[in-house]
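Breakdown of the fold
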Amino acid sequence: MSKNKLASSVQSLQSSAIRELLKHSKMPGVISLGGGIPNPDLFDHEGLQIAADAVLSRHFGEAFQYGLSEGYPELRSAIGQICAERGIACQADDVVITSGSQQSLDILARALINPGDTVVVESPTYLAALQVFSLAQANLESVGTDGEGMKVDELEALVSRKTIKAVYIVPTFGNPGGVTLSENRRKQLVELSKRYDFVIIEDDPYSEINYTSDVFRPLMAHAKAIGNEENVVYTSTFSKILAPGTRVGWLVVPEWLKRAVVNLKQTTDLHTSTLSQLMTFEYLQTGRLAGQIALIRDAYRQKYQTFATELENELGDVLTFHKPKGGMFLWAKFNNGLNTTEWLAKTLANGVVFVPGEFFYCSNPDHSTLRMSFVTATDEQLKEAVRRLKISL
Ligand code: PMP
């Protein structure tokens with residue numbers, strides 16, 4: 001009854017299926033390939049301790065005080081530097097600090113989307129972005145992906161027949177697909193955005209977790225090269241390279257969007273926790289981030305290799321997957337049409353969980369797909385997980 005009192009936009013909002021699944025993954029003896037969480041054994045205890053001590057001794061007053069909605073100025077500068085290293089030339093002034101990329105997406109949805117506006121996403125795409133855009137009452141449409149990421153030709157066919165407001169994309173080591181948009185398609189995409197004047201929301205949590213020596217320039221850098229920087233918004237985060245519990249991410253926004261984004265940030269939570277921002281800033285001052293990223297990258301790459309080899313050997317005849325070049329996820333498809341949502345009950349009984357692929361689609365889900373995260377399990381657990389998947393067939 002009282003559900004009627006809820007705003008209509010909220011009535012269909014559901015708890016993320018992944019969060020529900022994570023409950024099972026906590027059961028004793030269950031090996032979880034489900035959660036998209038970083039490996040906590042790799043958190044830099046010593047570095048975070050140094051940062052915490054520095055915050056308490058050097059910034060005691062301001063760390064516990066209100067701050068600016070745009071974020072702590074020195075942290076904005078330091079993030080500007082990180083962006084420059086990724087190929088995005090920006091000033092501290094273009095950076096707005098958020099409480100993680102999830103909040104960046106929420107703010108952008110509220111800044112950009114009128115009910116009914118079309119937002120195009122990859123198929124499959126990040127589940128929590130689907131939730132954000134649905135809540136903003138966007139009309140969601142999807143474009144397929146292959147080993148080179150979003151099929152930009154399909155997008156072109158779509159934008160040539162209807163007006164769209166934005167494309168949301170995770171171009172590098174995507175979640176859930178693990179795919180990376182090729183250099184050619186990056187150029188094509190920013191050119192399309194220029195020609196048809198739509199916004200690109202570039203979500204980049206994973207690009208530092210690169211298993212290869214290839215360099216993937218952000219869409220924002222490609223856009224600048226052709227004078228289309230006004231149409232690209234970039235978000236990234238410390239969640240996967242430092243620690244998600246700090247809840248510190250950021251946006252790089254073009255001038256026309258800045259005031260709206262800062263005002264929305266203000267109405268949401270005034271500003272990101274000053275304590276977290278200062279911890280992050282002091283951590284960056286230690287100079288340990290590059291080493292930390294290298295450690296995470298090497299550990300994840302090695303786990304990926306163990307897992308992929310095992311999967312190929314044991315399930316290669318029924319399961320197909322693109323090899324990710326980085327990130328945290330392996331996306332696979334059963335070529336015998338197995339419904340992974342139904343199958344999950346069986347694998348859970350055998351002590352292993354994953355996320356069925358159907359949750360990552362805004363329409364026409366492929367029920368024979370699944371997402372597996374390999375970064376928190378040990379090598380032995382990864383091998384055992386594959387064995388348990390196999391006996392569940
Ligand atoms: N975007 C993508 C593609 C993600 O995978 C995640 C984390 N799972 C986020 C955004 C949210 O990250 P944050 O912790 O910075 O809010």
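Residues numbered from 1 in each chain as written. Predicted model: local features only at pLDDT ≥ 70, side-chain atom pairs only at ≥ 80, totals over all residues. Heavy atoms only, no water.

Selection criterion: UniProt positions are given in the numbering used here, feature names are shortened, and annotations may be inferred rather than shown by experiment.
Looking up the protein chain in an unreviewed UniProt entry gives the name PLP-dependent aminotransferase family protein, with the organism given as Lelliottia wanjuensis. Quoted straight from UniProt, the Subunit (unreviewed entry) entry for the protein chain says "Homodimer." Recorded in UniProt under Sequence similarities (unreviewed entry), the annotation for the protein chain is "Belongs to the class-I pyridoxal-phosphate-dependent aminotransferase family."

Some remarks on the site of the ligand
Put simply, the rule reads: Being near a molecule or strand, for a residue, comes down to having at least one heavy atom within 4 Å of it. Whenever a nitrogen or oxygen atom comes within 3.5 Å of another N or O atom, the pair is scored as a polar contact, on the condition that within protein one atom can donate a hydrogen and the other can accept it, and that pairs from neighbouring residues in sequence are kept only if both atoms are in side chains. To measure how exposed things are, a 1.4 Å probe is used in the Shrake-Rupley method; for residues, cover is taken only from the protein chains shown. Any residue outside Ala, Val, Leu, Ile, Met, Phe, Trp, Tyr, Cys, Pro, Asp, Glu, Lys and Arg is labelled polar, Gly included; the first ten of those are nonpolar and the last four are charged.
Surrounding the ligand, one finds 14 residues, the nearest of these being S101, D203, Y206, T237 and S239. In this structure, T237 approaches the ligand through a side-chain N or O atom, which is 2.7 Å from an oxygen atom. At 2.6 Å, a side-chain N or O of S239 approaches an oxygen atom of the ligand. In the complex, the protein chains occlude 92% of the 400 Å² of accessible area that the ligand would expose alone. Among the residues making up the shell around the ligand, the classes are represented as 5 nonpolar, 6 polar and 3 charged.

Re the UniProt feature "domain: Aminotransferase class I/classII large" (unreviewed entry) in the protein chain
Applicable threshold: Here a strand is any run of E in DSSP of at least two residues, a helix any run of H or I of at least four, and the numbering for each starts at the N terminus.
Under the UniProt annotation, "domain: Aminotransferase class I/classII large" (unreviewed entry) lies at residues 52-389. Along residues 52-389 the backbone is 44% helical and 17% strand, and the end-to-end C-alpha distance reaches 42 Å.

Looking at the packing of aromatic side chains
Which entries qualify depends on this criterion: Between rings of Phe, Tyr and Trp, where Trp is taken as its six-membered ring, a pair exists when centres lie within 6.5 Å; planes separated by under 30 degrees are stacked, by over 60 edge-to-face, and by other angles tilted. For every residue, the accessible area (1.4 Å probe, protein chains only) is compared with the maximum for its type, and the residue is labelled buried under 20%, exposed over 50%, or partly exposed between those bounds.
Applying the stated criterion across every chain, the model contains 13 aromatic pairs. Here the aromatic rings of Y206 and F329 are separated by 5.8 Å at their centres, their planes lie at 85°, and the arrangement is edge-to-face. Placement of the pair is Y206 in the loop between strand 7 (199-203) and helix 10 (219-225) and F329 in strand 11 (residues 329-334), with a sequence separation of 123 residues. By the burial criterion, Y206 is buried, and F329 matches it. The structure contains a cluster of three or more aromatic residues connected by ring pairs, namely Y211, Y304, F307 and F374.

Points about the packing of helix 6 (residues 101-112) against helix 7 (residues 127-135)
Spelled out, the test is: To get an axis, a line is fitted to the C-alpha atoms, and for a helix only the part in contact is used. The angle between two axes follows their N-to-C directions and goes from 0 to 180 degrees. Each angle gets one of four labels, with under 35 degrees taken as roughly parallel, over 145 as roughly antiparallel, 65 to 115 as roughly perpendicular, and the rest as oblique. Working rule for handedness: look at the near helix, and if it is turned counterclockwise from the far one by less than a right angle, call the crossing left-handed; if clockwise, right-handed. Residue contacts follow a heavy-atom distance rule, with two residues in contact if any of their heavy atoms lie within 4.5 Å.
Look at helix 6 against helix 7: their axes get within 9 Å of each other, and the N-to-C directions meet at 25°. Taken as axis vectors, helix 6 and helix 7 run roughly parallel relative to one another. For the element pair helix 6 and helix 7, the recorded crossing hand is right-handed. Where helix 6 abuts helix 7, its residues Q102, L105, D106 and A109 lie against A128, A129, V132 and F133. Here the residues of the contact of helix 6 with helix 7 are counted per class, giving 6 nonpolar, 1 polar and 1 charged.

A word on the nonpolar core
Cut-off, in case you're wondering: The nonpolar core is taken to be a set of buried Ala, Val, Leu, Ile, Met, Phe, Trp, Tyr and Cys residues, with the residues joined through side-chain atoms within 4.5 Å.
One finds L155, L189, F198, F238 and W250 to be the most contacted residues of the largest nonpolar core, which totals 48 residues. Core analysis: the next-biggest nonpolar cluster, separate from the first, contains 39 residues, L42, F329, M372 and A385 among them.

Here we look at helix 7
What helix 7 keeps buried is the set L127, A128, A129, L130, V132 and F133. Just downstream of helix 7 lies Q137, where phi reads positive at about 65°.

Considering the environment of V30
Position of V30 relative to the elements: it lies in the loop between helix 2 (17-25) and strand 1 (31-32). On the basis of relative accessible area, V30 is assigned to the buried category, the value being 14%. For the pair V30 and Q381, spaced 351 residues apart in the sequence, the C-alpha separation amounts to 9.7 Å. Not counting chain neighbours up to four residues away, the residues in contact with V30 comprise H24, S25, L348, G351, V352 and V353.

Description of the confidence of the model for the protein chain
Our working rule: The predictor rates its confidence in each residue with pLDDT, a number between 0 and 100.
Overall, the prediction assigns the protein chain a mean pLDDT of 95, with 98% of residues at 70 or greater. Interface confidence for the predicted complex, given as ipTM, is 0.99, next to a pTM of 0.96.

Here we look at unusual backbone geometry
Leaving glycine out, the prevailing phi sign among residues is negative, and the prevailing peptide bond configuration is trans. Note the cis peptide between S123 and P124, where omega equals 5°. Its place among the elements puts P124 in the loop between strand 3 (118-123) and helix 7. Despite not being glycine, F173 shows a phi value in the positive range, around 55°. Looking at where F173 falls in the secondary structure, it is placed in the loop between strand 6 (166-169) and helix 9 (183-196).

Overview of the side chain of T98
Tracing the sequence through the fold places T98 in strand 2 (residues 95-98). Overall, the relative accessible area of 0% leaves T98 in the buried class. Of note is the side chain of T98, whose polar atom sits 2.9 Å from the side chain of S104. Every residue in contact with T98, bar those within four places of it in the chain, is listed here: Q103, S104, I107, R247, V248, G249, W250, L251, K265 and T272.

Remarks on the state of the cysteines
Our working definition: The criterion for a disulfide is a pair of cysteine sulfur atoms lying within 2.5 Å.
In this structure the tally under the stated criterion is 0 disulfides. In this structure C83 is a free cysteine whose sulfur lies 4.3 Å from that of C90, the closest cysteine sulfur available.

Some words on the pattern of salt bridges
Filter applied, for reference: Salt bridges are identified by distance alone: a Lys or Arg side-chain nitrogen within 4 Å of an Asp or Glu carboxyl oxygen.
Counted under the stated rule, the structure contains 23 salt bridges. In this structure, R86 and D204 form a salt bridge, with 3.7 Å as the shortest nitrogen-oxygen distance. With R86 in the loop between helix 5 (73-85) and strand 2 and D204 in the loop between strand 7 and helix 10, this pair connects stretches of sequence that are 118 residues apart. Here D204 falls in the buried class, since its relative accessible area comes to 3%. Each of the salt bridges in this network shares a partner with another, and the network as a whole consists of D44, E46 and R288.

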